[in-house]
Structure formats: C-alpha cells, structure tokens
Amino acid sequence: MTEDLTPSPARPERSKHRRGPIAIIVLLLTAVAAVLFVTLGDATLVFYEVDEVVEQREELIDKRFRVVGTPLPGIVETTVGRESAVLFTFCAQGVYVDVVHVGDPAELFQPGVPVVLQGEWVSESLPEFQSLPNATRDGWYLSTDHMVVKHDNDYRTDPDRITDIESCGLKE
Amino acid sequence: MSAGKMLKQNQGVTSSPKSRLLGFATLLGLVTLFVFAFFLTDPDVRLHPTTGEEIGQFDAVRLLYLHVPMAIIGPYLAPLVGAVASIGYLIKRTPWWDVTAHAAIEVGAIFCGLVLVQGSIWGRPVWNTWWEWGDVRIMTTLILFLMLLGYLALRRVVADEHKQARRSAIVALVAAINLPIINRSVEWWESRTLHQKSTLSELKIEDLTFFTLMMGIVVFLMLFTWLVLHRFRLGWLEKESLKQEALTAIEERRAVAVTNEEETS
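Not measured: the values here are computed from a predicted model.

Focus on the overall build of chain A
Next up, step 1: Within chain A, the regular secondary structure consists of three helices and seven strands.
Next up, step 2: For chain A, the N- to C-terminal ordering of α and β elements is α-β-α-α-β-β-β-β-β-β.
Next up, step 3: A buried classification covers 44% of the 172 residues belonging to chain A.
Next up, step 4: Here the analysis covers contacts within chain A between residues at least 6 apart in sequence; of these, 58% occur between residues at least 24 apart.

Right under this line is the structure:
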C-alpha cells in the first residue's frame, strides 16, 4: 500500500516569526494615530491670517496661535531682556499688526517674504514702534518666539514676473 | 514571454541585457543630473520688485532637483502602481499582479522615506525648521510612509500565499486613498499650511532650472523602473524557489516511501 504523500497542512505558526511583523504593524498603527493626534489636537498648529487674529483678538487673549502674513520694510533690531529681538509690522489683505519677535529670526527673513509666526497678543504700547513706518500703534502687539518662512512657488528670475508675493503696503 | 520563462532563460539572475542598458543609462543620467543641479544651474536669487533686496532660496534650491522627482515617485507613482497592481490581483488572482504590487510599494517606501528626510534637510535653511507638524503635506506623506511600511510588515506575517496577497492588496488600496489628499493639500489648505503650491502645474519655472527639473524627473523615473524591474524579478524568483522547494520535498518524501515499501516487501 502506498503511503499518503499529500503534504499535511501547515501548523498554525505562533512563533516569534509571526509575532515580529505583527508587533511592527501595531507599532506603525500607533504611530499613525500619534501623528493624527498631534496634528489635529494641537490648536497652535492652525494658521490664522492677519485679519482673523485682529477680528478674534478678544477670543485669542492668553492663547498661543500661529499667524501668516508679510513683514513690511522698516525692521528694527533690538534686545528684549538679554535676548535679541526684531520689531516689525506684519500684514495681509491690508490688515496690519505690530510684532515683537524674540530670538533669532529665520535666515531668509526679510520684508516682502511671508512668514508664519507663533505667539500671543499683548496689550501694551511700546515706544520702539514709533520708529516703524507702517506701525499700527493701536495699543496691541504680537509677541512671538517661533518663525518659519512660507516660501512661494515661483522660480523665475525676471523681477517683472514676480506678481504673487503678498506685499500689502508694498506695490507688486 | 512569461516572467517565469524569462527568469529561467536568465538562470535566476535578475538582470537582462535590456535592464543592464537601462541601469547604465540611469547611472549616466544621475551623474549628469548632479552636475546640472549642483554646478551648472544658478542659485535661486531674485530681486524683490519693491524693496530691491535679494530674495529666494539661494543654494538650497539645488535640493529641489532631487526632491521633486523623488516626491513624484515615492508618494504618488509607486503607491499608484501598487494600488493598480493590487486591483489587478483582486480581479485576476495571479501572482504576477501581487509581485508587481509588492515591488512597486517596496521601492516607493524607500523613495517616500528619502523624500521626508531630504525635505527636512531643505526645510532647515529655507523654512527655518527641520520638521513642521502643522504642514498638511508633510503629515499626509508621513502617514502614507507608515502605511507603506505596514504593507511591507504585513507581507512578512506568515500566512497562506493567497491570503497574504489579498490582505496586502487591501492595505495598498487603503493607502492609495491618501494620494489625492497629499496632492491637493497645498490647494485645499493653501493659507493654513507651510508647503508651497505646485510650481510645475503653474509653470513658474523656466530655462535651465526647468530643464534640470524635467531631467531629474526623467532620470528618477528610469531609476524607479530599473529598481521595480529588479525587485519584481527577485520576488518572482523567491516564489519560484519556494515552489521548487515544496516540489523537491514531495519528491524526497515519495522516494523515501518507495524505498520503505520495497524494503518491507
């Protein structure tokens, strides 16, 4: 009589070979959840526009937020306490805000190049703003400590063709 | 010619005369691209129309000649090929589609990881940050990268060949849902996100800069094709080898059984 040579079904594998990839999958799912939690859960990650932070000033008092806009010419370098700082006026869609940014500004920070600032509203008039040509001097300023540059997507060299740099008070 | 016959002809080697030619052309293209990107093109410097000051990315722009092509492949083309091949597998249930999906996604995961790392290196001088949790494109690309790694981990879980291929195909399709979100994120969240909008779709690029970027895209497409081709052939050889091992084991058991039978009779 011939022996049954049909390969027997594989025994269910519950060894380390199976546990490793499953642990990796669980770890990756946890990482995805963590990314979503950090991204969606932190309100300071939302970018406001300048007109929004002015409109919602009362609601935003004592809250940290991010705001995107364009620095105008007339940046003043100074110190706050022992730290270096820059004072400037920042705008978007014709709405202006005075800013005191503590710490080193971004390497590419300059008038006409949009930036995203992180900080909070302060109700105070600073005499230093008198020297800024476009300052609002409305008794409020933004105190910020984190700055990133929002670079545009234009790589053409001809200055006549630069049309979409948000420049508010600056003519394009 | 079937993939199996092709590999038999090549005696288990993953290269062929045509793939060697493609590999050589890709290598030549990469060297040329590096020369154009890092030596022949100018840094990104423009004069602001009003302030007259120099603005731009300066030398950091050179990284974009590599970043954009990698970004077209890692977070778009490779997962798209993987998703199409996965649909092919779910309809046809043949290993060719499964091996193709696996090859594309494995190469795509490498490109996706490189895009995140290289984008971070570019972001430091240009954006003033290594990493930006609030940027929708970075976050959606990171989620895609983790899902591609999940796909690859799932393929290592010991299971029945068809069950494994079916599960993997479903994960590839779920990952592909992210692709249009990554692509449109800079439009949908234009004023809420840091990433710049597409330069190519608005053609805000010209002359040698444009030429170098297009060359980068062509060269990286060649590299992707070459890598996927070889990964596909390797995957096919692995499948053939497993099949061969199983057949050899059955033959050996049969031979032992026949010998035992002869001895007892």
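Comments concerning the packing of helix α2 (residues 17–40) of chain B against helix α8 (residues 207–264) of chain B
Residues and elements named next belong to chain B.
Next up, step 1: Between α2 and α8, the least distance of the axes is 9 Å, while the angle of their chain directions is 150°. Considering their axes alone, α2 and α8 lie roughly antiparallel with respect to each other. The hand of the α2/α8 crossing is left-handed.
Next up, step 2: Residue composition of the contact of α2 with α8, grouped by class: 16 nonpolar, nine polar and one charged.

Some thoughts on the confidence of the model for chain B
Next up, step 1: Here chain B averages 90 in pLDDT, while 95% of its residues score no lower than 70.
Next up, step 2: Confidence, expressed as mean pLDDT per element, reaches its minimum in chain B at helix α1 (residues 3–9) of chain B with 59 and its maximum at α2(B) with 97.

Examining the side chain of B:His230
All names here are of chain B.
Next up, step 1: Secondary-structure assignment places His230 in helix α8.
Next up, step 2: With relative accessibility at 14%, the residue His230 sits in the buried group.
Next up, step 3: Those residues in contact with His230 that lie beyond four places of it in its chain are Thr14, Ser15 and Ser19.

Focus on the packing of aromatic side chains
Here a ring pair, both rings aromatic, is described through the centre-centre distance and the interplanar angle of the planes.
Next up, step 1: In total, this model carries 14 aromatic pairs over all chains according to the counting rule given.
Next up, step 2: Plain terms: the ring middles of A:Trp121 and A:Trp140 are 6.0 Å apart, the flat faces sit at 80° to each other, and that makes the pair edge-to-face. Note that A:Trp121 is positioned in strand β6 (residues 115–123) and A:Trp140 in strand β7 (residues 140–149), a separation of 19 residues in sequence.
Next up, step 3: Among the aromatic side chains, those forming a connected cluster through ring pairs are B:Trp96, B:Trp97, B:Phe232 and B:Trp236.
Next up, step 4: The aromatic ring of A:Trp121 is capped on one face by A:Arg57, whose charged end is 4.3 Å from the ring centroid.

Observations concerning the interface of chain B and chain A
Next up, step 1: Contacts between the two partners involve 57 residues from chain B and, on the opposite side, 54 residues from chain A.
Next up, step 2: Carbon and sulfur atoms make up 59% of the surface buried where chain B meets chain A, a total of about 4900 Å² over both sides.
Next up, step 3: For the pair chain B and chain A, the interface holds two salt bridges.
Next up, step 4: Across the salt bridge formed by B:Glu132 and A:Arg66, the nearest N and O atoms sit 2.4 Å from each other.
Next up, step 5: For the pair chain B and chain A, the interface holds 15 residue pairs in polar contact (both at pLDDT 80 or more).
Next up, step 6: A per-element tally of the side of chain B that touches chain A places helix α5 (residues 136–156) of chain B first, with nine residues.
Next up, step 7: For the side of chain B that touches chain A, a count of residues per class yields 25 nonpolar, 16 polar and 16 charged.

Quick look at the pattern of salt bridges
Next up, step 1: If you walk through the whole model with that rule in mind, you get 17 salt bridges over all chains.
Next up, step 2: A salt bridge links A:Arg156 to A:Asp154; the shortest N-O distance between them is 2.8 Å. A:Asp154 carries the same exposure label as A:Arg156, and that label is buried.
Next up, step 3: Of the charged contacts, one joins B:Lys197 and B:Glu202 as a salt bridge, the two residues approaching to 3.6 Å between their closest N and O atoms.

The rules behind each value
- Residues numbered from 1 in each chain as written.
- Chains lettered and ligands numbered in written order.
- Predicted model: local features only at pLDDT ≥ 70, side-chain atom pairs only at ≥ 80, totals over all residues.
- Heavy atoms only, no water.
- Helix = DSSP H or I, 4+ residues; strand = E, 2+ residues; numbered from the N terminus.
- Buried < 20%, exposed > 50% of the residue type's maximum accessible area, 1.4 Å probe, protein only.
- Contact = heavy atoms within 4.5 Å.
- Axes fitted to C-alpha atoms, helices over the stretch in contact; angles between N-to-C directions.
- Parallel < 35°, antiparallel > 145°, perpendicular 65-115°, else oblique.
- Left-handed = near helix turned anticlockwise from the far one by under 90°.
- Nonpolar A, V, L, I, M, F, W, Y, C, P; charged D, E, K, R; others polar.
- pLDDT = per-residue confidence, 0-100.
- Phe/Tyr/Trp six-rings, centres within 6.5 Å; stacked < 30°, edge-to-face > 60°.
- Lys NZ or Arg CZ within 6 Å of the ring centre and 35° of its normal.
- Buried area = accessible area lost by both parts, 1.4 Å probe.
- Salt bridge = Lys/Arg side-chain N within 4 Å of Asp/Glu carboxyl O.
- Polar contact = N/O pair within 3.5 Å; in protein donor to acceptor, adjacent residues only side chain to side chain.

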